[in-house]
Amino acid sequence: MESVTKNRKHQADIRRMAEQAFPGLEVTMIAELKEGYFNAVYDVVLSDGRQVILKIAPHSDTLIMSYEKNIMYSEVNAMNLVRKRTEAPVAEIYAYDADCIICDAPYFFMEKISGCSLSTVGGELPENEKSCIMQQVGKYTKQINSITGAKFGYPGQPDL
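Definitions and cut-offs
- Residues numbered from 1 in each chain as written.
- Predicted model: local features only at pLDDT ≥ 70, side-chain atom pairs only at ≥ 80, totals over all residues.
- Heavy atoms only, no water.
- Pairing = 2+ DSSP bridges.
- Helix = DSSP H or I, 4+ residues; strand = E, 2+ residues; numbered from the N terminus.
- Axes fitted to C-alpha atoms, helices over the stretch in contact; angles between N-to-C directions.
- Contact = heavy atoms within 4.5 Å.

Peer 1: Would you mind going over the sheet that holds strand S2 (residues 40-46) with me for this structure?
Peer 2: Pairing between sheet strands relies on hydrogen bonds along the backbone, with the strands arranged either parallel or antiparallel. Judged by pairing direction, the sheet is antiparallel, and its 5 strands sit side by side in the order S1-S2-S3-S5-S4 without closing on themselves. Two strands bound the open sheet, and with one partner strand each, they are strand S1 (27-33) and strand S4 (93-97). For this sheet the average axis-to-axis angle between neighbouring strands, irrespective of direction, equals 20 degrees. In this sheet, S2 lies alongside S1 in antiparallel orientation, the contact comprising 6 bridges. Directly across from Ile-30, in S2, lies its bridge partner Val-44. Here helix H2 (residues 71-85) sits on the sheet in contact with strand S3 (51-56), S4 and strand S5 (107-111), set at roughly 25 degrees to S5.

Shown next, in the form of structure tokens:
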């Protein structure tokens, strides 16, 4: 998917980000993942054999919707909260950097969970499999919706 919000980076930049997040490890492979609409996303393999996902937010000069401001902060916090408080399969966040020193935008590395998106394979699945998947999604959604917070609004935008 092409999008003006994708803040793509050269491999040398990605290697510097990985060196900061995973000291002592080298990057052995980088591949852009192109299904997303908003962030630049890369599949990165480290020298210890681990596969991780790198997500990079849009550059600060990119025109975005007001609710998308600082959305990466919200995403990281939401993923950590859902991971701790539900049974939903949520990737572990390994590193989050919002300093914009190495990269011109916030980014994070997370665990890679193997699989395919339902939107990609849904048309090929038998109805009974889709039904089972949707029931499980419903269970996870119920757990996620049971999480309450101290206040209402956008976590990455305290004034809202």
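Peer 1: Hey, could you run me through unusual backbone geometry in this one?
Peer 2: Residues other than glycine predominantly adopt negative phi, and peptide bonds predominantly adopt the trans conformation. Not every positive phi belongs to a glycine, and Asn-70 is a case in point at roughly 60 degrees. Locating Asn-70 in the fold gives a position in the loop between S3 and H2. Although it is not a glycine, Cys-100 adopts a positive phi angle of roughly 60 degrees. Mapped onto the fold, Cys-100 is located in the loop between S4 and S5.

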